[in-house]
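Results of the structural survey
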Amino acid sequence: MYELYTVLAEYYDAIYRHRVERVREEIDFVEEIFKNDAKREIKKVLDLACGTGIPTVELARRGYEVTGLDLHEEMLTVAKKKAEREGLNIEFIHGDALDIDFEEEFDAVTMFFSSIMYFDENAIKQLFNSVIKALKSGGVFVADFPCWYYGGSDKPIVWDAEKGEEKLIITDWREVEPATQKLHFKRLVQIIKPNGEVKAFFVHDVLNIYTVREMKLLAKEYFEDVKIYGNLKRSLSPNDRRYWLVGVAP
């Protein structure tokens, strides 16, 4: 478990190259949320589960004062190198999102790329409680999560990526437990070196499935105002494949 964020950290951006390519569009949308849903000006942002800093760096490029936090030192090592290359002043903290201990320090807290699905109902309540404490009054929490039942295939998907001279062959598949609302995300990553050497890694992450209604009900216990948007628009529609939770601190 967590191989994707430890031994494969240096390959993360290559595996998720499409996410790297669309990060500007994501942050454009998040800035719309900052301007239209927050009840204060957003200057200081805490990015939880920041990983290799894909959205963290983009936020910093746009002038926000950003702190990135992640559970895995390997991911932070990659993130720090990217920030240094661009001359961006980002504070990166090694830690657990459930153990943050900030008191009204941030105008916004973000959690991207479905990271919120790693938390079960008890943990997500702990997360929301910590986020509320970290936010200044009128600040906003933004997190995305997928529509798991959108009709996509559960059959294995095989695709490839490249990192320098190395080639990656990746096989993804998922298994759903409807009764427990658990999603087993499985991935086989084969790394082919230039000399023909092959290394293989198996990833198995167990994620929690939340419907829009469930997420909204959980968040309403903590935030003054809660909204959920679909895809990259400030509305919901039946064809949305991805949702955005927006919670405003009292």
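The following refers to the structure shown. (Residues numbered from 1 in each chain as written. Predicted model: local features only at pLDDT ≥ 70, side-chain atom pairs only at ≥ 80, totals over all residues. Heavy atoms only, no water.)

**Comments concerning the environment of Asp28**
With respect to the helices and strands, Asp28 occurs in helix α2 (residues 17-36). Note on Asp28: relative accessible area 42%, which makes it partly exposed. The sequence separation of Asp28 and Asp225 amounts to 197 residues, and the corresponding C-alpha distance is 22 Å. (Helix = DSSP H or I, 4+ residues; strand = E, 2+ residues; numbered from the N terminus. Buried < 20%, exposed > 50% of the residue type's maximum accessible area, 1.4 Å probe, protein only.)

**Comments concerning the pairing of strand β5 (residues 135-146)**
Most of β5 is tucked away: nine of the 12 residues are buried. In this structure, strand β4 (residues 106-111) lies alongside β5, joined through five bridges in parallel fashion. Looking across to β5, one finds that Met111 is bridged to Ala143. (Pairing = 2+ DSSP bridges.)

**Remarks on the environment of Tyr11**
For Tyr11, the position within the fold is in the segment before α1 (12-15). Spatially, the C-alpha atoms of Tyr11 and Lys163 are 7.0 Å apart, while their sequence positions differ by 152 residues. Apart from residues no more than four positions distant in its own chain, Tyr11 is found in contact with Lys163, Glu166, Leu168, Ile191 and Lys193. (Contact = heavy atoms within 4.5 Å.)

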